[in-house]
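These are the residues of each chain, in order.
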Amino acid sequence: MAELVTRKLLFDGRGSNLMQIEKIYEKMGDPVDTFPEIKSYPLYNDFKPKKKYRFCLDEHLKMHSTEVNYDFIDLIRRMLE
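The rules behind each value
Every chain's residues receive numbers from 1 upward, in the order its sequence appears when written. Where totals are concerned, whole chains, interfaces and linings use all residues; where local detail is concerned, this predicted model gives features only for residues with pLDDT of at least 70, and gives and counts side-chain atom pairs only at 80 or more. Hydrogen atoms and water are omitted, and side-chain values are computed over all heavy atoms in the structure. The secondary structure listing takes helices from DSSP runs of H or I that are at least 4 residues long and strands from runs of E that are at least 2 residues long, numbered from the N terminus. Throughout, a contact is declared for two residues whenever any of their heavy atoms are within 4.5 Å. Lines fitted to C-alpha atoms define the axes here, with helix axes fitted over just the stretch in contact, and angles between the N-to-C directions of these axes take values from 0 to 180 degrees. Each angle receives one of four descriptions, namely roughly parallel if under 35 degrees, roughly antiparallel if over 145, roughly perpendicular if within 65 to 115, and oblique otherwise. Two helices that cross are described as forming a left-handed crossing if the nearer one is turned anticlockwise from the farther one by less than a right angle, and a right-handed crossing if clockwise. Gly counts as polar in this scheme, as do all residues outside two lists: the nonpolar Ala, Val, Leu, Ile, Met, Phe, Trp, Tyr, Cys and Pro, and the charged Asp, Glu, Lys and Arg. Under the convention used throughout, the expected extent of a helix is 1.5 Å for every residue step, that is, one less than its residue count. Relative accessibility thresholds used throughout: buried, under 20% of the residue-type maximum; exposed, over 50%; partly exposed, between the two (1.4 Å probe, protein chains only). Nonpolar cores are built from buried Ala, Val, Leu, Ile, Met, Phe, Trp, Tyr and Cys residues. Side-chain atoms within 4.5 Å join them into one set.

Participant: Would you take a moment to explain the side chain of Ser 65 for this structure?
Facilitator: Structurally, Ser 65 is set in the loop between helix H5 (57-64) and helix H6 (70-80). Beyond its immediate stretch of four places on either side in the chain, Ser 65 contacts Val 5 and Thr 6.

Participant: Hey, could you run me through the packing of H5 against H6 in this one?
Facilitator: The packing of two helices is summarised by the inter-axis angle and the distance between the axes. One way to put it is that H5 packs onto H6 with a least axis distance of 10 Å and a crossing angle of 130 degrees. Our classification of the angle between H5 and H6 gives oblique. As H5 packs across H6, the resulting crossing turns out to be right-handed. Note on element contacts: H6 touches H5 through Phe 72, Ile 73, Ile 76, Arg 77 and Leu 80, opposite Leu 57, Asp 58, Leu 61 and Lys 62. Among the residues forming the contact of H5 with H6, the class breakdown is 6 nonpolar, no polar and 3 charged.

Participant: Help me understand helix H2 (residues 17-28), please; the structure alone is not making it clear to me.
Facilitator: The α-helix winds at 3.6 residues per turn, so residues separated by three or four positions along the chain end up facing the same way. In this model, H2 (12 residues) spans 16 Å end to end at C-alpha, consistent with the 16 Å of a helix rising 1.5 Å per residue. Lining the buried residues of H2 we find helix H3 (31-34), helix H4 (44-47), H5 and H6. A positive phi of about 90 degrees marks Gly 29, the residue just after H2.

Participant: Where do I start with the environment of Met 1 in this structure?
Facilitator: Of note, Met 1 is situated in the segment before helix H1 (2-6). In this structure Met 1 touches Phe 72, Leu 75, Ile 76 and Met 79, once residues within four positions along its chain are discounted.

Participant: Where do I start with the side chain of Asp 30 in this structure?
Facilitator: Looking at the element boundaries, Asp 30 is found in the loop between H2 and H3. Sequence-distant contacts of Asp 30, defined by excluding residues within four places in its chain, comprise Tyr 44, Pro 49, Lys 52 and Tyr 53.

Participant: Help me out: how do you make sense of the environment of His 60 in this one?
Facilitator: By the element assignment, His 60 lies in helix H5. A relative accessible area of 11% places His 60 in the buried class. For His 60, the contacting residues outside a window of four places in its chain are Leu 9, Leu 10 and Lys 27.

Participant: What is the right way to look at the nonpolar core in this model?
Facilitator: Note that soluble globular proteins tend to have their nonpolar side chains buried in a common cluster. Ranked by size, the top nonpolar core spans 10 residues in total: Ala 2, Leu 10, Phe 11, Met 28, Leu 57, Leu 61, Val 68, Phe 72, Ile 73 and Ile 76. When contributions to this core are tallied by element, the ones reaching two or more residues are H5 and H6. The biggest single contributor to this core is H6, with 3 residues.

From the geometry alone we can't say anything about function, so treat these as descriptive.
Structure follows, in structure tokens:
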């Protein structure tokens, strides 16, 4: 839905699965911030973010479309979580 409105890929991680996951972290932020238990998952160390990211999905969406408002951003965020 976000890609239809912005006409841009939301998580452009072409190349590898790890690159795709890192692109998700870039916009959605560090998963530990919203889900601290993730550190106890067996594969967390293999897939943890390379650096500390903050949530910036709203900035990305607003930058690429004038039709984005708080309700739209909230809907997309909740769908992705």
